[in-house]
Amino acid sequence: YSVATYVAPTTDTTSAEPHEMTTYFSDASFKFLRALARNNNKEWFGEHKQQYEDHVRQPFLRLLTDLQPDLAEVSEHYRADPKTVGGSLFRIYRDARFSNDKSPYKSWQGARLFHERRKQVAAPSFYIHLQPSHCFVGAGLWHPEPPTQRRVRQFIFDNPGSWKAAAHAPKFRKRFDFDDSEVLARPPRGFPADFELIDDLKHKNFVFTRAMDDASMTSPRLRQALVADLAALAPFMDYLCAALDLEF
């Protein structure tokens, strides 16, 4: 592609569906996370660590393993890595050094499906979040550095038609929500206020999410649902990768 002529892919992969149905999470998964939120201290966690392993961590690692061939169908450059250290699954331990909240543990579990070049360059990720009453699946760039923000904004400015196809399609917007938790009050410097997509350029995060209820996370059809979401998010992710000179 060239910056001025990027065209979003038209291949529809949303029909991809795994053959086997497996239950990963259970009511016990949510029960543990709710109890952890109430008892967020090292003594309690130490006494209940096996419950974390049995009902949260190990099921999530199995899910990541099973998603590997499905993700490869969406993009051969993305990874669902079930390694216990340095893989897709975030640590349950909080880094509280620079936070007023000194709770030692997260009351949720999340995993990022990352680009193979994530350690070399800034790259968008797919994401799965497990938390009582706050589960979701999403994709994009969360808290990108200013140079990365600038590149994405410039790419949208230069390729508005493909951005609208990737991020404004009615079917896509009905399914996913554009994160608006951090938005500039004024147009970003260097972009005209009358640009047709200026509201999109004001976003600090380029992320779309779909909320999932707890019953969906404990359903034997969870994997199928996630595969459909990953495929539906693919054109948006392809666009972000193009903006950052990454393969998709």
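Preceding this section is the structure that the text describes.
Residues numbered from 1 in each chain as written. Predicted model: local features only at pLDDT ≥ 70, side-chain atom pairs only at ≥ 80, totals over all residues. Heavy atoms only, no water.

Participant: Would you mind going over the packing of aromatic side chains with me for this structure?
Facilitator: Overall, the coordinates contain 23 aromatic pairs when judged by the stated rule. Look at Phe32 and Tyr52: their rings are 5.9 Å apart centre to centre, the planes differ by 35°, and that puts the pair in the tilted class. Taken together, the residues Phe32 in helix H1 (residues 27–38) and Tyr52 in helix H2 (residues 42–74) connect sequence positions 20 residues apart. Given the relative accessible area of 2%, Phe32 is considered buried. (Phe/Tyr/Trp six-rings, centres within 6.5 Å; stacked < 30°, edge-to-face > 60°. Helix = DSSP H or I, 4+ residues; strand = E, 2+ residues; numbered from the N terminus. Buried < 20%, exposed > 50% of the residue type's maximum accessible area, 1.4 Å probe, protein only.)

Participant: Just checking my understanding: could you explain the pairing of strand E3 (residues 125–130) for this structure?
Facilitator: The two faces of the sheet receive side chains in turn, since in a regular strand these alternate between them. Among the six residues in E3, six count as buried, and that is most of the element. The alternating pattern of E3 places Ser125, Tyr127 and His129 and Phe126, Ile128 and Leu130 on opposite faces, both of which are buried. Pairing between strand E2 (residues 109–115) and E3: five bridges, direction antiparallel. By the bridge assignment, Arg112 is partnered in E3 with Tyr127. In this sheet, strand E4 (residues 135–141) lies alongside E3 in antiparallel orientation, the contact comprising five bridges. Its bridge partner lying in E4, Ile128 is registered against Val137. Linking E3 back to E4 in an antiparallel pair, the connection comprises four residues, with Ser133 at a positive phi of about 65°. (Pairing = 2+ DSSP bridges.)

Participant: So what exactly am I meant to see when it comes to the pattern of salt bridges here?
Facilitator: Close approach of charged atoms allows side chains of opposite charge to pair. Applying the stated criterion to the full structure yields 10 salt bridges. With a closest N to O distance of 2.7 Å, Arg223 and Asp70 form a salt bridge. Residue Arg223 is found in helix H8 (residues 222–243), and its partner Asp70 is found in helix H2; the two are separated by 153 residues along the sequence. Per residue, the accessibility class of Arg223 equals that of Asp70, and both read buried. Residues joined by salt bridges that share partners form a network here, namely Arg175, Arg210 and Asp229. (Salt bridge = Lys/Arg side-chain N within 4 Å of Asp/Glu carboxyl O.)

Participant: Sorry if this is basic, but what is going on with the pairing of E4 here?
Facilitator: Counted residue by residue, E4 has six buried out of seven residues, so it is predominantly covered. As paired elements, E4 and strand E6 (residues 206–212) share seven bridges and run antiparallel to each other. By the bridge assignment for E6, Gly138 is matched with Thr209.

Participant: Explain the packing of H1 against H2 here, please?
Facilitator: Interhelical geometry of H1 versus H2 gives an angle of 155° and a closest axis separation of 9 Å. Accordingly, the angle class assigned to the pair H1 and H2 is roughly antiparallel. Handedness of the crossing formed by H1 with H2: left-handed. Listed contacts from H2 to Ala28, Ser29, Phe32, Leu33, Ala35 and Leu36 of H1 are Trp44, Phe45, His48, Gln51, Tyr52, His55 and Val56. Of the residues assigned to the contact of H1 with H2, the class counts are nine nonpolar, four polar and no charged. (Axes fitted to C-alpha atoms, helices over the stretch in contact; angles between N-to-C directions. Parallel < 35°, antiparallel > 145°, perpendicular 65-115°, else oblique. Left-handed = near helix turned anticlockwise from the far one by under 90°. Contact = heavy atoms within 4.5 Å. Nonpolar A, V, L, I, M, F, W, Y, C, P; charged D, E, K, R; others polar.)

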